[in-house]
Amino acid sequence: MAFYSQIAHNVLPPLMTTSSTLGRGAFELIKSITASSDSDITFADGSNGVTFDSTFKTYCFKFIDIHGSVNFRHLGFDIQVSGGSGFDEPKISSGYEANHSQSNNSTQFQAATAIDLIDSTNLQAIIYGIGSENDEAGAGELWLFLPSDTAKNMHFISQTVNHTDDDKIRHTFMGGYTNEPGAIDEIRFKMSEGNIDSGTIKMYGIR
């Protein structure tokens, strides 16, 4: 007879794999790209082994140690519908962030009205104010829901954390939807100014 203490944690979560035979809910790694002074990182359906279509209902992007070339700039994304060009699809979003100073003398919580959410080129900020010193970087994740649905707008949410140029920890939450009909099959990540000097972005699909 097994006791609860023996079996309580004897459960394995779904594994991250590329196998198409897994059931729903498992993360399947689609593509991993490591930056090296790149102006942008783009994931496009059918290009370089990327699947970005109705194969998956949800896509998740993981950001690992993203470091920019220009101080206090934001990592953001823009998207492209199938058959389009320019990565200029409009987005509606809101967000909030909390920060705390390394010296423990400043704490702040603010809504999206104080955050530069979207610039004139429709770049949606997700990691806000990354510092450019060697020990400063950002990390987090972005989720896209039903990007291939042509009848409804695609929704997205993100949660990120980063080391800012003024030695603060910044924890940022964003959410929104696209305001353009059509299936989305391309996404581009870039800094609001300068290059992505280093860091890795991983793309996962969830059925």
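For every chain, the first residue of its written sequence is number 1, and the numbers climb from 1 along that sequence. Residue-level local features of this predicted model are given only where pLDDT is at least 70; pairs of side-chain atoms are given and counted only at 80 or more, and the full residue set underlies all totals for whole chains, interfaces and linings. Excluded from the side-chain calculation are hydrogens and water; included are all heavy atoms of the structure.

> Hey, could you run me through the overall build of the chain in this one?
By definition, any uninterrupted DSSP run of H or I lasting at least four residues is a helix, any uninterrupted run of E lasting at least two residues is a strand, and each is numbered from the N terminus. Each helix and strand in the chain was counted, giving one helix and 12 strands. Reading the chain from its N end, one meets helices and strands in the order α-β-β-β-β-β-β-β-β-β-β-β-β. Burial classes follow relative accessibility: with a 1.4 Å probe on protein chains only, a residue under 20% of its type's maximum area counts as buried, one over 50% as exposed, and anything between as partly exposed. The 207 residues of the chain split such that 40% are buried. Residues are treated as being in contact if the distance between any of their heavy atoms lies within 4.5 Å. Nonlocal contacts in the chain, meaning residues at least 24 apart in sequence, comprise 73% of its contacts between residues at least 6 apart. Shrake-Rupley sampling with a 1.4 Å probe provides the accessible areas, and residues are treated as covered by the protein chains on show and by no other component. Counting only carbon and sulfur atoms, one obtains 50% of the accessible surface of the chain, whose full area is about 10,500 Å².

> What is the right way to look at the environment of I127 in this model?
Tracing the chain through its elements places I127 in strand β7 (residues 124-130). With relative accessibility at 0%, the residue I127 sits in the buried group. Separated by 13 residues in sequence, I127 and G140 place their C-alpha atoms 8.0 Å apart. Other than its neighbours up to four places away in sequence, I127 contacts F63, R73, H74, L75, G138, A139, T160 and N162.

> Whenever I open this one, unusual backbone geometry confuses me. Can you help?
Most peptide bonds take the trans form, and the phi angle of most residues other than glycine is negative. Positioned with a positive phi, D65 is a non-glycine residue whose angle comes to about 50°. Within the secondary structure, D65 sits in strand β3 (residues 58-68). If you check the backbone angles, N104 has positive phi at about 65° while not being a glycine. By the secondary structure assignment, N104 is in the loop between β5 (91-101) and β6 (107-111). Accessibility expressed as a relative area gives 58% for N104, which makes it exposed.

> How should the sheet that holds strand β1 (residues 27-34) be read in this particular structure?
Two modes of strand pairing occur in sheets, parallel and antiparallel, and in both the strands are linked by backbone hydrogen bonds. Strand pairing is defined by DSSP finding a minimum of two bridges between the two strands. In spatial order, the strands read β1-β12-β3-β8-β9-β10-β5-β6; together these eight strands make up an open sheet with antiparallel pairing. The sheet is open, and its two edges are formed by β1 and β6, each paired on a single side. This sheet shows a mean twist of 10° between the axes of neighbouring strands, independent of strand direction. In this sheet, strand β12 (residues 196-206) lies alongside β1 in antiparallel orientation, the contact comprising seven bridges. The residue bridging I33 from the neighbouring strand is I201, located in β12. To obtain an axis, a line is fitted to C-alpha atoms, over the contacting stretch when the element is a helix, and the angle between two such axes runs from 0 to 180 degrees between their N-to-C directions.

> Before we go on, may I ask you to explain the pattern of salt bridges in this structure?
Here the idea is simple: oppositely charged side chains can pair when their charged atoms come close. By definition here, a salt bridge exists when the distance from a side-chain nitrogen of Lys or Arg to a carboxyl oxygen of Asp or Glu is within 4 Å. All chains considered together, the criterion is met by six salt bridges. Linking K62 and E141 is a salt bridge whose minimum nitrogen-to-oxygen distance equals 2.5 Å. Residue K62 is located in strand β3, and its partner E141 is located in strand β8 (residues 138-145); the two are separated by 79 residues in the primary sequence. Its relative accessible area of 24% is what places K62 among the partly exposed residues. For D166, the salt bridge goes to K168, with nearest N and O atoms at 3.9 Å.

> Would you mind going over the sheet that holds strand β11 (residues 184-191) with me for this structure?
With respect to topology, four strands assemble into an open sheet ordered β2-β11-β4-β7, the strand pairing being antiparallel. Each edge of the sheet is formed by a strand with only one pairing partner; in this case those strands are β2 (41-44) and β7. The sheet shows a mean angle of 15° between the axes of neighbouring strands, direction not considered.

> How should the pairing of β3 be read in this particular structure?
For a regular strand, the rule is simple: side chains alternate between the two faces of the sheet. Counting buried residues in β3 gives eight out of 11 residues, a clear majority hidden from the surface. Pairing of β3 with β8, which is carried by seven bridges, proceeds in the antiparallel orientation. When the sheet's bridge partners are listed, T58 is paired in β8 with F145. Pairing of β3 with β12, which is carried by nine bridges, proceeds in the antiparallel orientation. Its bridge partner lying in β12, T58 is registered against I206.

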